[in-house]
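Take a look at the letters that make up each chain.
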Amino acid sequence: MEGALTARDRVGVQDLVLLEDYQSETAFLHNIKKRFKEKLIYTYIGSVLVSVNPYQQLGFYSSYHMEKYQGVNFYEMPPHVYAIGDNTYRSMRNEASDQCILISGESGSGKTEASKYILQYLSVCSASNDKVEHIKGRLLQSNPILEAFGNAKTHRNDNSSRFGKYMDIEFDHKGAPVGGHILNYLLPFTIQVHQASGERNFHIFYQLLEGADEELLSRLMLQKTPDKYFYASQGKCAKVSSINDRRDFLAVQKALKVLEFSPKNIDELLSIVASVLHLGNVSFSANEEGHATVDREHEIQKIANLLGCQFEQLLQALTHRTIEANKEKMESPLTVEQALYARDALSKAIYGRMFNWLVLKLNGSLTSKDRMRKNVIGLLDIYGFEIFKSNSFEQFCINFCNEKLQQLFIELTLKQEQEEYRAEGIEWEPVEYFNNKIICDLVEERHQGIIDILDEECLRPGEATDNTFLSKLEETVGKHPHFITHALGDSKMRKTIGYEEFRLVHYAGEVTYSVKGFLDKNNDLLYRDLKVTMSVSKNEIVKEAFPASELTKLKRPETVGSQFRTSLNRLMDILMSKEPSYVRCIKPNDAKMADRFDDTLVRHQVKYLGLMENLRVRRAGFAYRRTHDIFLNRYKSLCPETWPHYDGPSRKGVDVLCKYLDYKEGEYRLGKTKVFIRFPRTLFATEDAFQIRKHELATIIQSVFRGWRQKKKFITMRNAVTLLSSQWKKILAQRLKEKRKKATLDIRKFILGFMTRLKPRCPENAEFLDYVRYSYLMRVKESLPAGVLDKSWIHSPAALEETGVLLQQLNMKNLMLKYVKGVSPQRKAMMEEKVLASAIFRQKKKGYDESVGNPFQDKPKVEQLKPKMLATIDSGEQALYCCSVTKFDRHGYHPRSRTLIITSGATYLFDSKDGKLKQKISHNELRGISTSSLGDNVFVLHAPSDNKEKGDAIVQSTFVIETITKLARIAKKDQDVKIVDNSSILHDMTGGKQGRIDYVVGNEVSVTKTKTGLVVVAPAR
Ligand SMILES: Nc1ncnc2c1ncn2[C@@H]1O[C@H](COP(=O)(O)OP(=O)(O)OP(=O)(O)O)[C@@H](O)[C@H]1O
Ligand SMILES: [Mg+2]
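Just so it is clear, the structure is predicted and the values come from calculations on it, not from any experiment. (Residues numbered from 1 in each chain as written. Chains lettered and ligands numbered in written order. Predicted model: local features only at pLDDT ≥ 70, side-chain atom pairs only at ≥ 80, totals over all residues. Heavy atoms only, no water.)

Colleague: Describe the overall build of the chain, listing the residues and the values that go with them.
Modeller: The helix and strand tally for the chain stands at 35 helices and 31 strands. Taken over the C-alpha trace, the chain has a radius of gyration of 69 Å; the compact-globule value for 1021 residues is 31 Å, which it surpasses by more than 25%. C-alpha extents for the chain along the principal axes are approximately 220 × 75 × 70 Å. In the chain, which comprises 1021 residues, the share counted as buried stands at 51%. For the chain, the computed accessible surface area is about 50500 Å², with 54% contributed by carbon and sulfur atoms. Counting 151 positive and 127 negative side-chain charges, the chain places the averaged centre of each group 15 Å from the other. (Helix = DSSP H or I, 4+ residues; strand = E, 2+ residues; numbered from the N terminus. Rg over C-alpha atoms; globule rule 2.2 N^0.38 Å. Buried < 20%, exposed > 50% of the residue type's maximum accessible area, 1.4 Å probe, protein only. Areas by Shrake-Rupley, 256 points an atom, 1.4 Å probe, with all protein chains shown as cover. Lys, Arg positive; Asp, Glu negative; His and termini not counted. Charge placed at Lys NZ, Arg CZ, Asp CG, Glu CD.)

Spelled out as structure tokens, the structure:
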């Protein structure tokens, strides 16, 4: 509840005691209306629950909600009827005291529903075992029976309880329900014989007609249609959309079985219900003497059958009356009017007494058999204050009942209030309130009160009428400040009160009653003959309900008013002996509609339920009270001394807090266990301050928490890092140690291995040698020769010298294989030529070494081969080599520019300019080739010289090595190449002569002719 102080703007206050303007009915109304609109139908006035009928199913009656309300502090949860149930149950258990819950409100305000919710709550939330479950079942099943026989549809409520009900639920010392007891306050009035349009008789009539099977109906001689029965059809609304009679009848039958009604009992019960229906259809006509006679006697026959009584006797009793005069009995016939009265009186009596029997029977079934000590919770579901346009004896009784309940409430609340002050040790705060005892006395006082005056009027001999009763009232209580009649009032009042009316100023307002019918209703006479007839009935229930002993009593039966007063006082005694809780029910509109709040209607009820009086009494002292602990706990943050903890006793803490909050002296009191705050505004100011403080605190708590969480996280992380790094360092150190250890061992082993490396393999050097081998192989792998010409090889260790040689050879083989495989046929041919060149020239002729790197021509150059030359070449031959040369004449040594072409058959020399063939030396004829060992490029082709042939040819070629090699290879004259070391070469000339070429060593190559021949200067080898 404290939590909801925040939302008070929207949903109003949950406890009306906290209304600032608690004297204002409008503020009161406004508050409950605000809540009603938010579907908050419950509001407290202190511990009183105000409940507004929502006329719709709201979702807060589930077992989940029941559980939530169990055992919690009354003010911790939003107001609820379960909170009342729980509080009552816990008080009963904790204090081992009897409790009662008084539920009041006008018809249709939700009393019965509230009582059912409480019963359900108690049943679900109390201790349990198999036996107890059985009892709980019975307690719950008593409701459908009582509602079927005691409830009816009225304008105000489709399920209106036509009786006041008080039910005790008995609990054992463990808090388990062990039994129950019902007290009923049936209004034995008009409902059953007269109904206004739109209303119905008791549900059971319609349930029976709708729900009974054919067999039962024919046994009860009934027809299915309610229209056929006067008592069931006056209101012309046998069918009601909100009621399912067939289903309800099944529920009743089931409940009767659960509560162990015998089949015979059930049969008799239904027979009585049927007999009343038939009785309603009995009509009378006047005979010639004006006496009543029954129109359809077979109706009487049916009734007699159903009630188990004599047909004739019943017929006689309905139309005659036995009068005793001078000890002589006489049969006096009734008029039609009297007969109808007798018929209705009989119906009411039968039904009323049957209902009493039913309650008795239910009690028999519910009463706990064991005699151990029990505590009870009483539930009172009783009609609230009624004010109609025209109010009669019924309203008089009801309103009297409510006066009594109000008095009880005032007394108990004030007593409670006083006791609380006393217990808390604070001085008594006088409470201003209106004590309605004066009105109760006006009604019930012996000899002076209205009930006794009415009785007197009913009983006195002579012509007593309703009007004489009114005069008697004026005479006796005329001066009472709460009693007014037309005659007693001033002129203004007279306009509002009729001649046959009196007005009572009730605590809840003025009510004007019409005296019409007061005497009859109070008498409610049932002619003796009918009682006699009933007392000999064969229907056990009827027989029990009309005991023969009643007939022998000389005393007149008690009047209805007296009976009512007696039972009410008995009820008051019962309630006074218990601790009461209150549920005040309000009906929000007359249309039974959800979400509609009729201000005028509710204001009216607030008034006559005495809720303002409730509030005033409750607020007389202090608006708010809570235990020190709760108060301190909630508001301690508002004072530095009490925040976050107050070490001393909580009372002292509250004192410190209140002083700090600057509460003025009159605004609060400190009791022994509770703090009392007089005005809501003081509490609200504190609450508002708390709401602001709460946000500040939340921010502080949040920031502190965040800081703490961050720090915690940081510390965890730091610890983790330290741990991790120390572990890591340890691991590293260990690794280093291992590494060093291993290194030391390795080095030692290495040195030992080194020292013994030259010995045969043994354990000392095995690893070293492996290492040497491995590293040698790895080094070899890294530094293998790049190609076949690369003859480098790394140094081999002593132990592997042979291996090194083998490996080098192997590698070279591999390289060569690879090289050879990569050589193309052309290149191969070229290489062969180079090899040939080597064989011929190597270390023999200067210039050879330089020529090695230059590849030879692989095919003749096309630009040098003129077509004419090619045409001259012998057919079938091909030019295999060609180059430009200078040819020296054998005579005169004149240099001529020639193109030299070698074919497979011969060497041709063509004039380079005109392409004419100048000399052809077939390979067969070539005798040899001569050149010098100097770095010149002159050579001689030795050819025969006859007439036909020209003889040796002196040729100078830029590519002397190439040209000679090509020729030697093609002509297969490699053996015939002669490199002369001496200083001259002789050559043949035609005519047998010989020419000479002299070689002179010099730096510059030059060829010059002399008289004797040629002089070639060239560098020496
Ligand atoms: N808490 C509730 N939730 C939903 N509907 C309710 C509630 N209380 C009452 N009602 C509706 O209002 C109708 C009348 O309620 P109920 O029978 O309890 O009134 P009552 O005060 O006992 O009237 P009466 O004095 O005529 O017996 C119920 O049948 C139900 O439809
Ligand atoms: Mg009711």
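Colleague: Describe the sheet that holds strand S28 (residues 984–988), with residues and values.
Modeller: Taken in spatial order, the 4 strands of this open sheet run S28-S29-S31-S30, and their pairing is mixed. Two strands close off the open sheet at either side, each with one partner strand: S28 and strand S30 (1006–1009). Shown here is a sheet whose adjacent strand axes are inclined to one another by a mean of 20°, direction ignored. Relative to strand S31 (residues 1013–1018), strand S29 (residues 994–1001) is paired through 6 bridges, and the arrangement is parallel. Its bridge partner lying in S31, Val1000 is registered against Val1017. (Pairing = 2+ DSSP bridges. Axes fitted to C-alpha atoms, helices over the stretch in contact; angles between N-to-C directions.)

Colleague: Mind laying out the side chain of Asn281, listing which residues take part and the relevant values?
Modeller: Checked against the element boundaries, Asn281 lands in the loop between helix H11 (263–280) and strand S8 (284–286). The buried category is assigned to Asn281, whose relative accessible area is 13%. In this structure the side chain of Asn281 is engaged in a polar contact, spanning 2.8 Å, whose partner is the backbone oxygen of Lys228. Ignoring anything within four residues of it in the chain, the contact list for Asn281 reads Lys228, Tyr229, Phe230, Arg296 and Glu299. (Polar contact = N/O pair within 3.5 Å; in protein donor to acceptor, adjacent residues only side chain to side chain. Contact = heavy atoms within 4.5 Å.)

Colleague: Explain the packing of aromatic side chains to me, and be specific about the residues and the numbers.
Modeller: All told, the structure shown has 35 aromatic pairs when counted by the stated rule. Their ring planes at 35° and their centres at 5.5 Å tell us that Phe205 and Tyr351 sit as a pair that is tilted. Placement of Phe205 in helix H7 (residues 203–211) and of Tyr351 in helix H14 (residues 336–366) is noted, with a sequence separation of 146 residues between them. By the burial criterion, Phe205 is buried, and Tyr351 matches it. A centroid spacing of 4.8 Å and a plane angle of 70° characterise the contact between Phe750 and Phe768, whose relative ring orientation is edge-to-face. You can see Phe750 sitting in helix H29 (residues 680–755) and its partner Phe768 sitting in helix H30 (residues 763–782), a full 18 residues away along the chain. The partly exposed category is assigned to Phe750, whose relative accessible area is 40%. (Phe/Tyr/Trp six-rings, centres within 6.5 Å; stacked < 30°, edge-to-face > 60°.)

Colleague: I'd like a rundown of the coordination of the magnesium ion (ligand 2), residues and numbers included.
Modeller: Taken together, the protein donors to the magnesium ion (ligand 2) comprise Thr112 (OG1) and Ser161 (OG), at separations of 1.8 to 2.1 Å. One end of the pair, Thr112, is in helix H5 (residues 111–125); the other, Ser161, is in strand S5 (residues 160–161), and 49 residues separate them in sequence. As far as burial versus exposure is concerned, Thr112 and Ser161 are alike and both buried. (Donors = N, O, S within 2.8 Å, 3.2 Å for Na, K, Ca; no water.)

Colleague: Outline the side chain of Glu147, supporting the account with residue identities and numerical values.
Modeller: Within the secondary structure, Glu147 sits in helix H6 (residues 130–150). Among the polar contacts made by the side chain of Glu147, one reaches the side chain of Asn159 at a distance of 3.1 Å. Setting aside anything within four residues of it in sequence, one finds Glu147 in contact with Thr112, Lys116, Asn159 and His203.

Colleague: Explain the packing of H11 against H14 to me, and be specific about the residues and the numbers.
Modeller: Think of two packed helices as two axes; the pair is described by the angle between the axes and how far apart they sit. H14 packs onto H11 with a crossing angle of 160° between their chain directions and a minimal axis gap of 10 Å. Here H14 runs roughly antiparallel to H11, going by the angle between their axes. Handedness of the crossing formed by H11 with H14: left-handed. Across the interface between the two elements, Asn265, Leu269, Ile272, Val273, Val276, Leu279 and Gly280 of H11 pack against Arg343, Leu346, Ser347, Ile350, Met354, Trp357, Leu358 and Lys361 of H14. Of the residues contributing to the contact of H11 with H14, the split by class is 10 nonpolar, 3 polar and 2 charged. (Parallel < 35°, antiparallel > 145°, perpendicular 65-115°, else oblique. Left-handed = near helix turned anticlockwise from the far one by under 90°. Nonpolar A, V, L, I, M, F, W, Y, C, P; charged D, E, K, R; others polar.)

Colleague: Tell me about the nonpolar core, and name the residues and values.
Modeller: With 204 residues, the main nonpolar core has Phe28, Phe149, Leu314, Phe396, Phe469, Phe502 and Phe631 as its most contacted residues. Here this core gets 14 residues from one element, more than from any other, and that element is H14. (Core = buried A, V, L, I, M, F, W, Y, C linked by side-chain atoms within 4.5 Å.)

Colleague: Residues and numbers for the site of ligand 1, please.
Modeller: Looking at ligand 1, there are 18 residues lining it, with Ser107, Lys111, Thr112, Ser160 and Ser161 nearest. Residue Ser107 places a side-chain N or O atom 2.6 Å away from an oxygen atom belonging to ligand 1. Protein contacts shield 88% of the accessible area of ligand 1, which totals 630 Å² for the unbound molecule. Elements supplying a minimum of two residues to the shell around ligand 1: H5 and S5. For the shell around ligand 1, the element with the most residues is H5, which contributes 4 residues. Taken together, the residues that form the shell around ligand 1 break down as 4 nonpolar, 11 polar and 3 charged. (Near = heavy atom within 4 Å.)

Colleague: Describe in detail the sheet that holds strand S24 (residues 928–932), supporting the description with residues and values.
Modeller: Ordered by their spatial adjacency, 8 strands build an open sheet running S23-S22-S21-S20-S26-S25-S24-S27, and the pairing between neighbours is mixed. Edge positions in the sheet fall to strand S23 (917–922) and strand S27 (977–980), since each has one partner strand and no second. Taken over all neighbouring pairs, the strand axes of this sheet differ in orientation by 30° on average, direction set aside. Pairing analysis gives 4 bridges linking strand S25 (residues 938–942) to strand S26 (residues 953–957), with the strands arranged antiparallel. Following the sheet pairing, Phe939 is matched in S26 by Val955.

Colleague: Describe helix H18 (residues 466–477), listing the residues and the values that go with them.
Modeller: Its 12 residues give H18 an end-to-end C-alpha distance of 16 Å, which sits within 8% of 16 Å, the value for a rise of 1.5 Å per residue. Among the residues making up H18, those that are buried are Asp466, Phe469, Leu470, Leu473 and Val477. Seen along its axis, H18 keeps its buried residues to an arc of 100°; they face one direction. Here the buried face of H18 lies against helix H16 (437–444), helix H17 (450–459), strand S13 (483–485), strand S14 (501–506) and helix H20 (518–523). (Expected span 1.5 Å × (residues − 1). Arc of directions from axis to C-beta.)

Colleague: Let's hear about the pairing of strand S1 (residues 42–45): which residues, and what values?
Modeller: Side chains Tyr42 and Tyr44 project from S1 onto one buried face, and the interleaved Thr43 and Ile45 project onto a second face that is buried too. Here S1 runs beside strand S2 (residues 48–52); their pairing, made up of 4 bridges, is antiparallel. Across the sheet, the residue bridging to Ile45 is Val48, located in S2. Turn length for the S1-S2 hairpin, with the two strands adjacent in sequence and antiparallel, is 2 residues, and the turn residue Gly46 shows positive phi of about 65°.

Colleague: Run through the packing of H7 against H11, naming residues and quoting values.
Modeller: Put simply, H7 and H11 touch, their axes get as near as 10 Å, and they point 100° apart. One finds that H7 runs roughly perpendicular with respect to H11. Listed contacts from H11 to Ile204, Phe205, Leu208 and Leu209 of H7 are Leu270, Val273, Ala274, Val276 and Leu277. Looking at the contact of H7 with H11 residue by residue, the class counts come to 9 nonpolar, no polar and no charged.

Just geometry here; none of it tells us what the structure is for.
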